[in-house]
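Topology and contacts: notes
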Amino acid sequence: VRCITGMYGCGKTVTMTYLAINYRKKYGDKIYICTNFGLGIQDFAFTSIKQTAVQYDKPIIFMWDEVQNDFPATDKVFPKEVRQALTLNRKGNGKMFYWASQDHELVHKTIRRLTIEYCLVKTLGGRLTRMKWYHDYDYKALFEEVDINKKMKIHPFKRHSFVQTDYIRSLYNSFGFDNGEKLIL
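First things first, this report covers the structure right here in the doc. Counting of residues starts from 1 at the beginning of each chain's written sequence and follows it residue by residue. Side-chain atom pairs in this predicted model are given and counted only at pLDDT of 80 or more, local residue features only at pLDDT of at least 70, and totals for whole chains, interfaces and linings cover all residues. As a rule here, side-chain values come from all non-hydrogen atoms in the structure, and water together with hydrogens is ignored.

Our focus in this paragraph is the pairing of strand 1 (residues 2-5). Three exposure classes are used, based on accessible area relative to the maximum for each residue type with a 1.4 Å probe and protein chains only: buried under 20%, partly exposed in between, and exposed over 50%. Starting at the N terminus, helices and strands are each numbered in turn, a helix being any DSSP run of H or I of at least four residues and a strand any DSSP run of E of at least two. Of the two faces of strand 1, the one carrying Arg2 and Ile4 and the one carrying Cys3 and Thr5 are both buried. A pair of strands is labelled paired if DSSP reports no fewer than 2 bridges between them. Where strand 1 meets strand 6 (residues 117-124), four bridges bridge the pair, whose relative direction is parallel. Within the sheet, the bridge partner assigned to Ile4 lies in strand 6 and is Cys119.

Okay, a nonpolar patch on the surface next. On the surface, Leu124, Leu128 and Val163 cluster together into a nonpolar patch covering about 210 Å² of accessible area. As for its position among the elements, Val163 is in strand 8 (residues 158-163). Its relative accessible area of 48% is what places Val163 among the partly exposed residues. To count toward a patch, a residue needs a relative accessible area above 30% and no salt bridge. Like charges then connect within 9 Å, nonpolar side chains (Val, Leu, Ile, Met, Phe, Trp, Tyr) within 5 Å. Using a 1.4 Å probe, the Shrake-Rupley method yields the accessible areas, and only the shown protein chains count as cover for residues. We count a salt bridge whenever a side-chain nitrogen from Lys or Arg sits within 4 Å of a carboxyl oxygen from Asp or Glu.

Now for the pairing of strand 6. Where strand 6 and strand 7 (residues 128-135) come together, eight bridges link them in antiparallel fashion. Pairing of Val121 across the sheet is with Met131, part of strand 7. Once strand 6 ends, the chain turns through three residues before running back antiparallel as strand 7, passing Gly125 with a positive phi of about 65°.

The following block contains the structure:
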């Protein structure tokens, strides 16, 4: 379970698109890609939480934009079938989850506790997107630390940048109603 995070308009959805393109290039049709933001290369839409509990005939990558709309931090109850799907993910059952939110604190604690990596994204000049990948403990320390000198000592384990080409941008509509649409529980 991995999180893509950053401020409004900083490139979270385009980063998930970029990751999906790379998975598709690497694995071709040997995987399924399922998103809730209408990605042009997805195999099918992510429309219901129940899809996470299904056993598929090949590995699947769920890309879940604006996850706080489905599981806000204020909710007291978390659906058992989703918790099972996310928890069993670590056992290598062929499911990978990416979720995006402006602020990880807006998302239900069950999802945050199961997240192993956080990708902090920022887009410069409207095209160059920089990704900084942190292990969960480093990201939480970065988020909670107030001393700037201590904060500067927390480093990502991986950095990567990409250019938002017209092709990447054409694969989804970030202003469409289906982008981050609430899923059926």
